[in-house]
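# Geometric and topological summary
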Amino acid sequence: MFALVDCNSFYCSCERVFQPRLEGQPVVVLSNNDGCVVSRTNEAKARGIAMGEVWHLAKPELKAGVHVFSSNYTLYGDMSRRVMTTLRDFAERQEVYSIDEAFLSFDCRTDWQRLGADIKRTVGKHTGIPVCVGFGSTKVLAKLANRLAKKRPDACGVFVMPNDPHELATLLDSVPVEDVWGIGRRLAARLLPHGVTTARGLRDMDDELARRFLAVIGQRIAWELRGVSCLDLEEVAPAKQAICCAKGFGSPLSALEDLLEPLATYVSRVAEKLRAQALTAGHLQVFLETNPHAPGRQYCPSVGRALDCPTNFTPDLITAASRLLEAIHRPGYSFRKVGVLATDLRPETESQVTLFSPSMVPANKQKALMSALDEINRERGRGAVRFGAAADSAPVWKMRQANLSPCFTTRWEALLAAQV
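Residues numbered from 1 in each chain as written. Predicted model: local features only at pLDDT ≥ 70, side-chain atom pairs only at ≥ 80, totals over all residues. Heavy atoms only, no water.

## Some words on the overall build of the protein
Put simply, the test is: A run of H or I in DSSP counts as a helix once it spans at least four residues, and a run of E counts as a strand once it spans at least two, with each numbered from the N terminus. Exposure classes here rest on a 1.4 Å probe applied to the protein chains alone. A residue is buried below 20% of its type maximum, exposed above 50%, and partly exposed in between. We call two residues in contact when some of their heavy atoms are within 4.5 Å. Surface exposure here means Shrake-Rupley accessible area, sampled with a 1.4 Å probe, where a residue is shielded only by the protein chains that are shown. In this tally Asp and Glu are treated as negative and Lys and Arg as positive; neither His nor the chain ends contributes. For the purpose of locating charges, the reference atoms are NZ of Lys, CZ of Arg, CG of Asp and CD of Glu.
A tally of helices and strands in the protein yields 13 helices and 12 strands. Considering only C-alpha atoms, the protein reaches an extent of 70 × 60 × 50 Å along its principal axes. Classification of the 420 residues of the protein by burial places 45% in the buried group. Here the contacts in the protein between residues at least 6 apart in sequence split such that 67% fall between residues at least 24 apart. Accessible surface for the protein amounts to roughly 22400 Å². Of this, 52% is attributable to carbon and sulfur atoms. Taking the 52 positively charged and 46 negatively charged side chains of the protein as two groups, their mean positions are separated by 3 Å.

See the structure below:
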């Protein structure tokens, strides 16, 4: 049996944990630069606030009385870690599917309804985050069960797929095919001419047709709906193929020297992620973006190059990225974003230093220097030690985060104080 545990309105729920007055109130969390709605509570949904709503363009009657927060990914990431740690106590096998979802696998038989209620209660007690739990004999059925646990008020947040074939067929007949995990609207449009409009229709579809119109993964989904497990848990996250850092500016930038500072900051973050995963990058790409919604000419260039030697040494990466930015920058444009993408990732143990390595620092000293820098920043906070090319603590290009909540769980100065 598989279980999918999904946190309800996760970002909003994280804000509510530390501000209980928000319980029962409409709450939304906005994307980077306070742009679009990326999380909303049921009360906000009832107001008619849509996912992806551009907040500054939303109607005043929608905004009235709504509690608005900027994205606080430091807080959300730590709360996610706490939820996943709690779930690990219920099953030996776990796949962290996303920041707010996890699959669990069970080999024994038990009262699934009671187990689901226990999971809900325990996660709520340990973290304050409300969750829904869906059980099924395959991952696709568990995902579908989780959706029904959220949609059906009588489920109380826990839904177990029925064993009775007739009951299961009736249930699948009530689910639109686009709601099946892995299908969506685009693939559902391919199935419509063939009369497949429900999950049951996909389940009963001929294997050859399923493979023809949906490829191998579509055929596997059909088999999963039949109760045949084809998708196993990914207990070990697959190796990353790329690491990217790109954020919109609070104010547009034009001059090359102004763009070099945020670029160096983003490169430092990418290098930190590479070292945390014991990886090096063999290729670097830099890109710029103007605002497509602003009047005037648009310019969104991108350029990349293979590095002479794969590395995670921040100075070398900053130097390479700065040269790429210089190559694509053009005066006269107002840029809203700069970004860096590291690809051709490989383990540190597989990287070979050449005689023509661009760095003047020996590899062993590079590693020792970066280890010391990372250790200090872990203890004192990111940016406690940084390279001169990177930004200071209050850059003029910093993202708009007018409604940012404190990092309640990761910073001493932001810890809640109990008053007697």
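Having seen the model, we can carry on.
## Some details on the sheet that holds strand S12 (residues 335–347)
Sheet strands pair via backbone hydrogen bonds, and the direction of the pair is either parallel or antiparallel. The cut-off we apply is this: Strands were regarded as paired on the criterion that DSSP finds at least two bridges between them. Note on geometry: axes are C-alpha line fits, over the in-contact stretch for helices, and angles between N-to-C directions span 0 to 180 degrees.
Taken together, four strands build an open sheet; the order of strands is S9-S12-S10-S11 and the sheet is antiparallel. In this open sheet, the two strands that pair with only one neighbour each are strand S9 (243–253) and strand S11 (302–311). Sheet twist, expressed as the mean angle between neighbouring strand axes with direction ignored, is 15 degrees. Looking at chain direction, S9 and S12 are connected through seven bridges and run antiparallel. If you follow cysteine 245 over to S12, its bridge partner there is valine 340. Taken strand by strand, helix H12 (residues 314–328) contacts strand S10 (279–290), S11 and S12, and its axis lies near 30 degrees from that of S10.

## Focus: the side chain of serine 105
Its location among the elements puts serine 105 in strand S6 (residues 101–105). On the basis of relative accessible area, serine 105 is assigned to the buried category, the value being 10%. Excluding its chain neighbours within four sequence positions, the residues that come into contact with serine 105 are Met1, Phe2, Ala91, Arg93 and Leu233.

## As for the packing of aromatic side chains
Applicable threshold: Side-chain rings of Phe, Tyr and Trp (the six-membered ring for Trp) are treated as a pair once their centres are within 6.5 Å; stacked means planes under 30 degrees apart, edge-to-face means over 60, and tilted covers the remaining angles. Comment: the charge-over-ring label is applied if NZ (Lys) or CZ (Arg) is within 6 Å of the ring centre and within 35 degrees of the ring normal.
Tallied over the full model, the rule gives 14 aromatic pairs. On the numbers, 5.5 Å between centres and 40 degrees between planes, the contact of tryptophan 112 with phenylalanine 135 is tilted. Remark: phenylalanine 135 occurs in strand S7 (residues 131–136) and tryptophan 112 occurs in helix H5 (residues 112–127); sequence separation between them is 23 residues. For tryptophan 112, a relative accessible area of 14% corresponds to the buried category. Three or more aromatic residues joined by ring pairs make a cluster, and in this case those are Phe10, Tyr11, Tyr73 and Tyr76. In this arrangement the basic side chain of lysine 139 is found over the ring face of phenylalanine 103, its NZ or CZ atom lying 4.8 Å from the centre.

## Looking at helix H6 (residues 139–151)
For clarity, the threshold we go by: One less than the residue count of a helix, multiplied by 1.5 Å, gives the span that helix is expected to have.
Here H6 contains 13 residues, and its C-alpha end-to-end distance of 19 Å stays within 8% of the 18 Å for a straight helix at 1.5 Å per residue. Among the 13 residues of H6, 10 are classified as buried, and the element is accordingly described as predominantly covered. When H6 is considered as a whole, its buried residues turn out to be Lys139, Val140, Leu141, Ala142, Lys143, Leu144, Ala145, Asn146, Leu148 and Ala149.

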